[in-house]
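Next come the chains, spelled out residue by residue.
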Amino acid sequence: MAENSVANGVEILLNSKVTSLEEISGSGSDFISLEAGGREFSTRFVVNAAGAGSEEVAELAATRGTLPFHINPRKGQYIVFRRGSAEGLDTVVFQPPTVRGKGILVTPTTWGNLLIGPDAQEVQSSEDLETDPASLARIIRTARRSIDDFDIKQAIRVFSGSRPASDRGDFIIEWSENLTGLLHLAGIESPGLTSSPAIAHEAVNMLRAAGLILKDNQDFHPERKASVHPGPLGPAGAAARAVNLPEGNPDRIVCRCEQVTEGIIRDALSRNLSIGSMDGVKRRTRAGMGACQGAFCGPGVRTMVAESAGITEDEVFGPSRDRVKILENLAAMRALLK
Ligand SMILES: Cc1cc2nc3c(=O)[nH]c(=O)nc-3n(C[C@H](O)[C@H](O)[C@H](O)COP(=O)(O)OP(=O)(O)OC[C@H]3O[C@@H](n4cnc5c(N)ncnc54)[C@H](O)[C@@H]3O)c2cc1C
């Protein structure tokens, strides 16, 4: 979607925190001045869809009024198992939901990994993304009530995310009372991803009703060039040989675990949305998603990202999680489950 929007004229500024939001005084036409990533913009409308940061954005506009909502972050932890571990499971298995969420699920990923989680913990800060063995063990025990024949030795990774829950207990889709033209789409907790197309329709209707003139883009391209993905895992022997192909050969395997080739990574790096992070490559190509979690391919991927983004290797962001800590968490989780 991001690449398609760029192809249709959208400019995406990554790593550009909104730091100022104020009415342009004396303009007489309700214009807002917004600063982000060192640039200044003047606009009639701003949509605050900053998730966990939406309270901070609302706060920038609330200098003359009260803060309309508070974000009460709710952390959820997950455990990912090796590719192939979900064999025999072809659907998402839910348990009855509780007041705090839809509960722990057991699911195959598109690529055949088993994925288990998330739990729900109220935390002080949305930056608290720590995983801990006691919670992970609790997740496994709960998941076993749904499916009990998975092997915890196959777990390769743990991670967590923070749901941007609010003190209102529902999605907040409303105009700011402090700054004309600021539309809040905040407190979008689960199932916010599923709901996002409907929320976007609602936002467009509200903006149109408020006077935003929307014109059809006659040159709209509905499609984008398909990205290249690794296929099913091939024979280990052939993969081992492909690792030794010379650099620059598109068939050279860079990520052994997931058999991701140099051609696939270069395709991701050459598209219309620049990538400056290890996670950017990982999420697009699966390089680093395997059992070794990027220990083998990480340095090579970092070099390619730096070259393509025109930055130094030190400037390439990530990986966003500490691999040693993940392994320690997994070992401690298994010990608790013995
Ligand atoms: C553990 C977990 C499980 C979930 N499960 C599901 C599920 O099964 N189904 C489902 O539909 N949804 C699920 N969700 C919820 C879903 O992820 C969220 O509802 C959705 O991501 C919220 O979208 P958003 O655009 O409001 O916020 P986000 O996706 O968080 O996006 C906000 C963006 O704003 C940026 N930002 C923040 N502050 C600023 C600032 N000051 N300036 C500029 N940019 C800023 C952030 O970097 C981020 O890119 C889950 C979430 C979690 C954590």
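Please read these numbers as outputs of a predicted model, since none were measured by experiment.

**Considerations on the domain arrangement of the chain**
Then, number 1: The domain boundaries assigned to the chain delineate domain 1 (2–70 + 171–209), domain 2 (74–163) and domain 3 (236–325).
Then, number 2: Taking the mean C-alpha position of each, domain 1 and domain 3 sit 34 Å from one another.

**A short note on the sheet that holds strand S11 (residues 182–186)**
Whenever strands of a sheet pair, they do so through backbone hydrogen bonds, lying parallel or antiparallel.
Then, number 1: Taken in spatial order, the three strands of this open sheet run S4-S11-S10, and their pairing is mixed. At either end of the open sheet lies a strand with only one pairing partner, and these are strand S4 (46–48) and strand S10 (172–175). Geometrically, the sheet is characterised by an average inter-axis angle of 15° between neighbouring strands, direction not taken into account.
Then, number 2: Here S10 pairs with S11 via four bridges, running antiparallel. Its bridge partner being in S11, Glu174 is matched across the sheet by His184.

**Section: the site of the ligand**
Then, number 1: In the vicinity of the ligand there are 22 residues, among which Gly51, Gly53, Gly76, Gly161 and Gly192 approach most closely.
Then, number 2: Secondary structure elements with two or more residues in the shell around the ligand: helix H2 (54–61), strand S9 (155–163) and helix H4 (192–209).
Then, number 3: Within the shell around the ligand, the residues separate by chemical class into ten nonpolar, eight polar and four charged.
Then, number 4: The residue makeup of the shell around the ligand includes at least three contributed by each of domain 1 (2–70 + 171–209) and domain 2 (74–163).

**Focus: the pairing of S9**
Then, number 1: Within S9, seven of the nine residues are buried, which leaves it mostly tucked inside the rest of the structure.
Then, number 2: Where strand S5 (residues 74–81) and S9 come together, eight bridges link them in antiparallel fashion. In the strand pairing of S9, Gly76 is matched with Gly161.

**Topic: unusual backbone geometry**
Then, number 1: Of the consecutive residues Gly117 and Pro118, the connecting peptide bond is found in the cis state with omega at -5°.
Then, number 2: With respect to the helices and strands, Pro118 occurs in the loop between strand S7 (114–117) and strand S8 (121–122).
Then, number 3: Backbone torsion omega between Gly318 and Pro319 reads 5°, so that peptide bond is classified as cis.
Then, number 4: In this structure, Pro319 sits in the loop between helix H8 (298–309) and helix H9 (323–337).
Then, number 5: The backbone phi angle of Gln259 is positive, close to 55°, even though this residue is not glycine.
Then, number 6: Structurally, Gln259 can be placed in the loop between strand S12 (253–255) and strand S13 (260–261).
Then, number 7: According to the C-beta neighbour criterion, Gln259 is buried, with 23 such atoms within 10 Å.
Then, number 8: Positioned with a positive phi, Gln293 is a non-glycine residue whose angle comes to about 55°.
Then, number 9: With respect to the secondary-structure elements, Gln293 resides in the loop between helix H7 (278–285) and H8.

**Quick notes on the sheet that holds strand S1 (residues 18–23)**
Then, number 1: Here we have three strands laid out as an open sheet, ordered S1-S2-S3, and antiparallel in their pairing. The open sheet terminates on both sides in strands that have one partner only, identified here as S1 and strand S3 (39–43). Direction aside, the axes of adjacent strands within the sheet are offset by 15° on average.
Then, number 2: As judged from the five bridges shared by strand S2 (residues 32–36) and S3, these two strands associate in the antiparallel manner. Residue pairing for S3: Ile32 is matched across the bridge by Thr43.

**A look at the pairing of S7**
Then, number 1: Inspection of the sheet shows S5 paired to S7 by two bridges, in the antiparallel sense. Its bridge partner lying in S7, Val80 is registered against Leu115.
Then, number 2: Examined bridge by bridge, strand S6 (residues 105–108) and S7 share four bridges and lie antiparallel to one another. When the bridges of S7 are listed, Leu105 appears paired with Gly117.
Then, number 3: Here S6 folds back onto S7 in antiparallel fashion, the turn holding five residues, of which Gly112 has a positive phi close to 90°.

**Let's talk about H2**
Then, number 1: Turning to H2, its buried residues are Ser54, Glu55, Val57, Ala58 and Ala61. Down the axis of H2, the sector holding all buried residues measures 160°, keeping them to one side.
Then, number 2: In this structure, the buried side of H2 is in contact with S1, S4 and S11.

**Notes on the environment of Ser176**
Then, number 1: Tracing the backbone shows Ser176 in the loop between S10 and S11.
Then, number 2: Ser176 gets classed as buried once you count the C-beta atoms within 10 Å, which come to 20.
Then, number 3: Residues within four places of Ser176 in sequence aside, it is in contact with Ala58, Ala61, Pro68, Leu182 and His184.

Rules behind the numbers
Residues numbered from 1 in each chain as written. Predicted model: local features only at pLDDT ≥ 70, side-chain atom pairs only at ≥ 80, totals over all residues. Domains from an automatic or database assignment. Pairing = 2+ DSSP bridges. Helix = DSSP H or I, 4+ residues; strand = E, 2+ residues; numbered from the N terminus. Axes fitted to C-alpha atoms, helices over the stretch in contact; angles between N-to-C directions. Near = placed C-beta within 6 Å. Nonpolar A, V, L, I, M, F, W, Y, C, P; charged D, E, K, R; others polar. Buried ≥ 20, exposed ≤ 12 C-beta atoms within 10 Å, placed from the backbone. Arc of directions from axis to C-beta. Contact = placed C-beta atoms within 7 Å.

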